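# Structural overview for review
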Amino acid sequence: MAQNVDPFHAQRPNNSKHSEEGRANTNDSHAVTKRLQKELMSLMMSQERGVSAFPEGDNLFRWIGTIVGPKETVYEMQKYKLCLQFPNSYPYTAPFVKFITSCFHPNIDNNGNICLDILKDKWSALYDVRTILLSIQSLLAEPNIDSPLNALAAELWSKPSEYKKHVLDTYKQ
Amino acid sequence: MASSSTSSKNVNDGGPDTADRDEKKDDRTFECNICLDTARDAVVSMCGHLFCWPCLHQWLETRSSRQVCPVCKAAISKEKVVPLYGRGSTKQEDPREKVPPRPAGQRTEPENGSTFPGFGFGDTGFHMSFGIGAFPFGFFTSTFNFGDSRPGAAPHGTPQHLEEQYLSKLFLWLAVIFIFWLLLA
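This report concerns the structure included in the present document. This structure is a prediction, so every number in the text was calculated from the model and none was measured.

Cut-offs and rules
- Throughout, residues of each chain are indexed from 1 in the direction in which the sequence is written.
- Whichever chain is written first becomes A and whichever ligand is written first becomes 1, with later ones labelled in order.
- Only residues with pLDDT of at least 70 get local features here, since the model is predicted, and only at 80 or more are side-chain atom pairs given and counted; chain-wide, interface and lining totals rely on the full set of residues.
- Each side-chain value is worked out from all heavy atoms of the structure, with water and hydrogens disregarded.
- Runs of H or I in DSSP of at least four residues are treated as helices and runs of E of at least two as strands, each being numbered from the N terminus.
- Categorising residues by exposure relies on relative accessible area from a 1.4 Å probe, with only protein chains included: less than 20% of the type maximum marks a residue as buried, more than 50% marks it as exposed, and the intermediate range marks it as partly exposed.
- In this description, contact between two residues means that some pair of their heavy atoms is separated by no more than 4.5 Å.
- Accessible-area loss on putting two parts together, using a 1.4 Å probe and summing over both, is the definition of buried area adopted here.
- Here, a salt bridge means any Lys or Arg side-chain nitrogen found within 4 Å of an Asp or Glu carboxyl oxygen.
- Distance and chemistry together define a polar contact, namely a pair of N or O atoms within 3.5 Å, with one atom able to donate a hydrogen and the other to accept it when in protein, and with adjacent residues in sequence counting only for side-chain atoms on both sides.
- Under this grouping Gly is polar, as are all residues other than the nonpolar Ala, Val, Leu, Ile, Met, Phe, Trp, Tyr, Cys and Pro and the charged Asp, Glu, Lys and Arg.
- At least two DSSP bridges between two strands are required for those strands to pair.
- An axis is simply a line fitted to the C-alpha atoms; with a helix, the fit covers only the stretch in contact. Between two such axes, the angle follows the N-to-C directions and lies from 0 to 180 degrees.

### Digging into the overall build of chain B
When its secondary structure is counted, chain B shows 5 helices and 3 strands. When its helices and strands are written in sequence order, chain B yields α-α-β-β-α-β-α-α. Of all 185 residues assigned to chain B, the portion counted as buried reaches 21%. Long-range pairs, those at least 24 residues apart, make up 35% of the contacts in chain B between residues at least 6 apart in sequence.

### Examining the interface of chain B and chain A
In this assembly, 17 residues from chain B lie in contact with 16 residues from chain A. For the pairing of chain B and chain A, the buried interface totals around 1400 Å² over both sides, and the portion due to carbon and sulfur atoms is 50%. With a shortest N-O distance of 2.8 Å, Asp37(B) and Lys34(A) are connected by a salt bridge. Along the contact surface separating chain B from chain A lie 8 residue pairs in polar contact (both at pLDDT 80 or more). Tallied by class, the residues present in the side of chain B that touches chain A amount to 8 nonpolar, 3 polar and 6 charged.

### Some remarks on the sheet that holds strand 1 (residues 51-56) of chain A
Residue and element names in this part refer to chain A. Spatially, 4 strands are ordered 1-2-3-4 in an open sheet, and the strand pairing comes out antiparallel. Every other strand in the sheet has two partners, leaving strand 1 and strand 4 (96-99) as the edge strands with one partner each. Strand after strand, the sheet turns through a mean of 25° between neighbouring axes, direction not considered. The sheet contact formed by strand 1 and strand 2 (residues 59-68) spans 6 bridges and is antiparallel. Bridge assignment links Pro-55 to a residue of strand 2, and that residue is Trp-63. Seen against the sheet, helix 2 (residues 129-141) touches strand 1, strand 2, strand 3 (79-85) and strand 4 and runs at an angle of roughly 35° to strand 2.

### As for the sheet that holds strand 3 (residues 81-83) of chain B
All names here are of chain B. Read from one edge of the open sheet, 3 strands run 2-1-3, paired in antiparallel fashion. Whereas interior strands pair on both sides, the edge strands pair on one side only; in this sheet they are strand 2 (50-52) and strand 3. Between one strand axis and the next, the sheet turns by 35° as a mean value, whatever way the strands run. Relative to strand 3, strand 1 (residues 42-45) runs antiparallel, the two sharing 3 bridges. Looking at the pairing, Val-43 lines up with Pro-83 of strand 3. With respect to the sheet, helix 3 (residues 53-62) is in contact with strand 1, strand 2 and strand 3, its orientation differing from that of strand 2 by roughly 90°.

### A word on the environment of Leu60(B)
Residue and element names in this part refer to chain B. Along the chain, Leu-60 falls in helix 3. As for Leu-60 and Pro-70, which are separated by 10 residues in sequence, their C-alpha atoms are 9.6 Å apart. With near-sequence residues (within four places) excluded, Leu-60 lies in contact with Gln-67, Ile-76, Ser-77 and Lys-78.

Here it is, written out as structure tokens:
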């Protein structure tokens, strides 16, 4: 059926749809920009200990976050860099968060992908950069062994000395 | 609250700073939980959380399968939010927004206390029943009248005897009709 349709006519409705979407997107991205600016403001004002984040360059939709390893864990005194990528549908959908610094952890794979429920199905529009980074920080201290991305890390979690050696080795890379 | 602190700004010595901070704090209380801006076309969920109506509508649209409050994750729905009508806030609607209008507030008239509870005509709790207690024992009491000291029957032929015969037949028929009625009813 599609072959019989004149391409010119077929494309026209698509074009108008695109322009509509484009307008919606600019509206959206304006709202997203506004919210991200607010988050940046409050993050800078709050002087949160242990986590920080700042947009990478001029692009407000891509941030670099830093997490200090939680105290009294094998991650203590370590600084982890993360990349946060915000979609146009933010905050209705979660940002894409990834570790830049390689991290040995049951719920973080070798490429830095994180398995955390609030970044997937448990996402809420209320969460912001600060709460995301704090959640990841507490994930470092309390991994979820039952659904590991890094099977070796999950296995070694019960052997602190070996686990620590792996953490330090991975961190140095 | 904010207005009172700003008006007393000049009087208060350490005024301007604290007043400004108070104002900011007050502003944050009325921020939408999604866009973090002062709530516009504000609605409140049944769990008490404040949102802009466009923001909450979009949140519910993106999560149409599992509609929960972004703050406390209680179940919420579009129908069950209460709009907030501040002073002069009705003209703030942006017609370009492609969201359905905010649901209207629900208003019920106060009840006046003239009706008694339970006496309404629509009340279904009313039952009525007739009963005859100890029905079969009535026969015994009327058939076996031992040792009673009632006067004996009148002698035959007297008008009193005829009257008694007549009354006895009448009551017998009444009793038969009554028993038939009981059986049929």
